[in-house]
Amino acid sequence: MTSARTPLRRRRFLAGSAALAALALSRTGTSEAGARIPRAQRPLRLLVLGGPRFLGVHTAEYALARGHSLTFFNRGRTNAERLPQVERILGDRNGPLDGLAGREWDAVLDHSGYVPRQVRRAAELLAPRVRRYLFVSSVSVYPDFTVPRDEDSPVGRLEDETVEQVDGATYGPLKALCERAAQAVFGAERSTIIRPGLIVGPEDNTDRFTWWPARAARGGDFIAPGSPADRIQCIDARDLAAFMVRALERDISGTYNVVSPPGRFTMGELVNESVRAARQRARPAEPPMPVWLPAEFLAAQGVQPWSDLPVWLPATGDSTAFAATPVQRALAQGLAIRPLADTVRDTLRWHQGRPLAEREKLKAGIDAAREQAVLTAWRRRGAIAEG
Ligand SMILES: NC(=O)c1ccc[n+]([C@@H]2O[C@H](COP(=O)([O-])OP(=O)(O)OC[C@H]3O[C@@H](n4cnc5c(N)ncnc54)[C@H](OP(=O)(O)O)[C@@H]3O)[C@@H](O)[C@H]2O)c1
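Residues numbered from 1 in each chain as written. Predicted model: local features only at pLDDT ≥ 70, side-chain atom pairs only at ≥ 80, totals over all residues. Heavy atoms only, no water.

**With respect to the overall build of the chain**
Stage number 1. Counting its secondary structure elements, the chain contains 12 helices and 15 strands.
Stage number 2. The C-alpha radius of gyration of the chain comes to 24 Å, within 12% of the 21 Å expected for a compact globule of 387 residues.
Stage number 3. Taking the principal axes of its C-alpha atoms as reference, the chain extends roughly 85 × 70 × 40 Å.
Stage number 4. Within the chain, buried positions represent 49% of all 387 residues.
Stage number 5. Here the contacts in the chain between residues at least 6 apart in sequence split such that 78% fall between residues at least 24 apart.
Stage number 6. Counting only carbon and sulfur atoms, one obtains 52% of the accessible surface of the chain, whose full area is about 18500 Å². (Helix = DSSP H or I, 4+ residues; strand = E, 2+ residues; numbered from the N terminus. Rg over C-alpha atoms; globule rule 2.2 N^0.38 Å. Buried < 20%, exposed > 50% of the residue type's maximum accessible area, 1.4 Å probe, protein only. Contact = heavy atoms within 4.5 Å. Areas by Shrake-Rupley, 256 points an atom, 1.4 Å probe, with all protein chains shown as cover.)

**Observations concerning the side chain of His111**
Stage number 1. Following the sequence through the fold, His111 ends up in the loop between strand E6 (105-110) and helix H3 (116-126).
Stage number 2. Once you skip the residues sitting within four places of it in the chain, His111 turns out to touch Val48, Leu49, Leu55, Gly56, Thr59, Val136 and Met244.

**Quick notes on unusual backbone geometry**
Generally, phi is negative for residues other than glycine and the peptide bonds are trans, each holding for most cases.
Stage number 1. The phi dihedral of Leu83 falls on the positive side, at around 50°, and the residue is not glycine.
Stage number 2. Along the chain, Leu83 falls in the loop between strand E4 (69-74) and strand E5 (87-90).

**As for the domain arrangement of the chain**
Stage number 1. Under the domain assignment, the chain is made up of domain 1 (41-196) and domain 2 (204-234 + 262-323 + 340-380).
Stage number 2. The C-alpha centroid of domain 2 is placed 31 Å from the C-alpha centroid of domain 1.
Stage number 3. Each side of the interface is counted separately: domain 1 has 7 residues, and domain 2 has 8 residues.
Stage number 4. Counting the surface lost from both domain 1 and domain 2, the interface buries some 620 Å², and carbon and sulfur atoms represent 59% of this.
Stage number 5. On the domain 1 side of the contact with domain 2, Phe54, Phe145 and Thr146 bury the most area, a combined 71% of that side's loss.
Stage number 6. Across the contact surface, domain 1 and domain 2 share 0 salt bridges.
Stage number 7. Counting across the interface, domain 1 meets domain 2 through 4 residue pairs in polar contact (both at pLDDT 80 or more). (Domains from an automatic or database assignment. Buried area = accessible area lost by both parts, 1.4 Å probe. Salt bridge = Lys/Arg side-chain N within 4 Å of Asp/Glu carboxyl O. Polar contact = N/O pair within 3.5 Å; in protein donor to acceptor, adjacent residues only side chain to side chain.)

**Brief notes about the nonpolar core**
Stage number 1. Formed by 71 residues in total, the largest nonpolar core has its most connected members in Trp212, Val258 and Leu270.
Stage number 2. It is helix H6 (residues 237-249) that contributes the most residues to this core, 9 residues altogether.
Stage number 3. Structurally, this core is a two-domain feature, drawing no fewer than three residues from each of domain 1 (41-196) and domain 2 (204-234 + 262-323 + 340-380).
Stage number 4. For Leu270, the contacting residues outside a window of four places in its chain are Phe209, Trp212, Ile232, Val311, Leu340 and Val344.
Stage number 5. Membership of the second largest hydrophobic core comes to 21 residues, among which are Phe73, Leu97, Leu126 and Tyr133. (Core = buried A, V, L, I, M, F, W, Y, C linked by side-chain atoms within 4.5 Å.)

**Re the site of the ligand**
Stage number 1. The environment of the ligand is formed by 28 residues, the closest being Arg77, Thr78, His111, Tyr114 and Tyr171.
Stage number 2. Between the ligand and Gly51 there is a distance of 3.0 Å, counted from an oxygen atom to a backbone nitrogen or oxygen.
Stage number 3. Taken by itself the ligand offers 890 Å² of open surface, and the protein chains cover 90% of this.
Stage number 4. Mapped by element, the contributors of at least two residues to the shell around the ligand are E4 and helix H4 (171-186). (Near = heavy atom within 4 Å.)

**With respect to the sheet that holds strand E3 (residues 45-49)**
Stage number 1. Pairing within the open sheet is parallel, and its 7 strands lie in the order E5-E4-E3-E6-E7-E8-E13. Of all the strands in the sheet, the pair left with one neighbour each is E5 and strand E13 (254-258). Averaged over neighbouring strand pairs, the angle between their axes works out to 20° when direction is ignored.
Stage number 2. In this structure, strand E7 (residues 130-136) lies alongside strand E8 (residues 191-196), joined through 4 bridges in parallel fashion. Residue pairing for E8: Leu134 is matched across the bridge by Thr192.
Stage number 3. Helix-sheet contacts for helix H2 (residues 55-65) involve E3, E4, E6 and E7, and the interaxial angle to E4 is about 160°.
Stage number 4. Those strands touched by H3 are E3, E6 and E7, and its axis lies near 165° from that of E7. (Pairing = 2+ DSSP bridges. Axes fitted to C-alpha atoms, helices over the stretch in contact; angles between N-to-C directions.)

Right, dumping it as C-alpha cells:
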C-alpha cells in the first residue's frame, strides 16, 4: 500500500507495476472457465452461423477472450440467454437471410450447415463482404474407417445429391457436399474446412462423453467396455474452438481432421479419470467400480457399442481404424490437446450444475436396469466357470 510516507522511488515503482499489471490485463482475456487467454494482435469481426449451444458457446468465449467481436446468426431457440454481450441477428438459415445483407465481417464460422443448399446460400450472400469461410464439417465425411482416413481420403457420396433428409446414412455425405459448396463459392484459398471427431466437454448436449464421469459419480459397479487399452479419439470443444479461431487469425486454408492424435487416449484412461473425478467431486455412497467386460460378451448380451456405451467402438470391420484418424496436418498448424483428465473433471463439474431433470435422464448410455442385468449375467458366468 502506498502512503504519503512511502519514499518517492518506491511509489514510482508501485505506480509503474500497477500500470504494467493493468496493461497485461488488457492484453489477456478470461474465458468463462477462468483460463487466461492472451489477446490476438489484431481483432477480427467474426460472424457465427449458429448460436450459443455447445461448440457455439466455446467458440464465442474463446473469440471474445482473444479480443474479437462476434455476431451470432441463429433462430434464438437454444440458450437464448447465454452470452448476452454477443450481437444477435435473428434468422433461420432455411428462410430469408436479410439480416446478413449489407454487413461486413472478416470471417464466417459456419457451425450449423447440414445440407449444401444452406451453405451455398450463405456463402453466395457473404462472399463479396467476408474474407474467409470456415465450415465445421465432420470426420463422418469418410465412408468408413476400415483404414485410417487422412484429409486426402475419398469422401462418402450420395446417389441422389438433392436429398435433404439428414440421418445416420446421409449426414456424412451431406457434410462433404457442404464442404464442396463452401469451396465452390469462396475458392480453395478463402475457405477452411474443419473435420472434427467426437466433440466433448462441458455444455455437450449429446451426453455421450458426459455419460462416463456422470455414471462413475452415481457409484457402484458399472460396465467398462472391452479392454483398458482400447483406443479412443475425441476433441474437447474448447481445444477445437481455439484451433478454429487461431486458424482464422492466421488466415489459413485447407482441410483439417481435428481430434486427439491416435493412441493419445484410451478407454482405460477415460474410465479411470471418470472414477477419480467422481471420487473427488461427487463422493458417492458406494465407491465407483468399473467392471471390464470383453467386447464379445457385450455383443452376446445385445449391448450396443457407442449408443449403450458411448465413445467406445471395437476396432473391427468398418470401425477398425475409427480411433486412428490422422491429425498431423492440424498438429502442424498448432492444434493443442488438453489432458483427458481436465476434460473429464470439467465435464463432471458442469454436469453437476445442470438441472436435476437433465442429470437424472441422460440422452446417452445404457439403461440402469439393463446395465445391472448384464453385470449379473457376467457374474453368473464367472460363477458357473468356477463351479
Ligand atoms: N457433436 C459432435 O460430436 C460433432 C462431431 C463432428 C462435427 N460436428 C458438427 O459440429 C457442429 C456443431 O454441432 P452442434 O451440435 O453444436 O450444432 P447444432 O446444435 O446443430 O447447432 C448449433 C447452433 O446452430 C443454430 N441453428 C441450428 N439450426 C439453425 C438454422 N436453421 N438457422 C439458424 N441457426 C440454426 C442453433 O441455434 P438455434 O436453435 O437458436 O437456432 C445452435 O445454436 C455441427 O455442424 C455438427 O455437424 C459435431
